[in-house]
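Fold and contact review
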Amino acid sequence: MSNKIPEHIDDKLFTVKYKCDEETHLKPNQEDCKVCKDRPCTYCCPANVYSWDEEQNKTLVGFENCLECGACRIVCPAKTLDWKYPKAGCGVSFKFG
Ligand code: SF4
Ligand code: SF4
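A brief look at the structure comes next. (Residues numbered from 1 in each chain as written. Chains lettered and ligands numbered in written order. Predicted model: local features only at pLDDT ≥ 70, side-chain atom pairs only at ≥ 80, totals over all residues. Heavy atoms only, no water.)

**Things to note about the overall build of the protein chain**
When its secondary structure is counted, the protein chain shows four helices and six strands. Secondary structure of the protein chain in N-to-C order comes out as α-β-β-α-α-β-β-α-β-β. Dimensions of the protein chain, computed from C-alpha atoms along their principal axes, come out at roughly 50 × 30 × 25 Å. A burial count over the protein chain gives 31% of its 97 residues as buried. Restricting the contact set of the protein chain to residue pairs at least 6 apart, pairs at least 24 apart contribute 61%. In the form shown here, the protein chain has an accessible surface area of approximately 7,100 Å², with 53% of it arising from carbon and sulfur atoms. (Helix = DSSP H or I, 4+ residues; strand = E, 2+ residues; numbered from the N terminus. Buried < 20%, exposed > 50% of the residue type's maximum accessible area, 1.4 Å probe, protein only. Contact = heavy atoms within 4.5 Å. Areas by Shrake-Rupley, 256 points an atom, 1.4 Å probe, with all protein chains shown as cover.)

**A short note on the packing of aromatic side chains**
Inspection of every chain in the model, using the stated rule, returns one aromatic pair. Ring centres 4.9 Å apart and planes at 75° place the aromatic pair Trp 83 and Tyr 85 in the edge-to-face group. Look at Trp 83 and you get buried, because its relative accessible area is 9%. Seen from the ring of Trp 83, Arg 73 lies directly overhead, with NZ or CZ sitting 4.4 Å from the centre. (Phe/Tyr/Trp six-rings, centres within 6.5 Å; stacked < 30°, edge-to-face > 60°. Lys NZ or Arg CZ within 6 Å of the ring centre and 35° of its normal.)

Below you can see the structure in the form of structure tokens.
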């Protein structure tokens with residue numbers, strides 16, 4: 001087993017496996033997103049799940065990459081981010097070691 005420390009988070013994310021659900025388990029309240037100061041979900045997520053789309057005036061959600069850490073739910077100032085685990089059998093699985 002290698003003790004080499006990854007230089008970038010992408011090196012670790014490469015070891016994560018996903019089984020994608022067809023529907024999102026992460027649903028921002030788009031009305032709150034429009035007036036959200038700083039939109040912290042767009043920079044707190046380690047997997048870059050959220051991005052703000054100026055043209056569509058909405059938060060886009062790449063839920064397929066979610067690591068289920070829960071950080072976005074905590075930082076959302078409106079507390080209206082509808083956050084659930086993916087349905088049974090779907091979601092992320094981590095490889096340790
Ligand atoms: S932090 Fe919450 S309200 Fe703000 S953009 Fe993200 S989901 Fe929307
Ligand atoms: S739970 Fe974690 S990985 Fe998933 S979207 Fe929220 S911050 Fe990103």
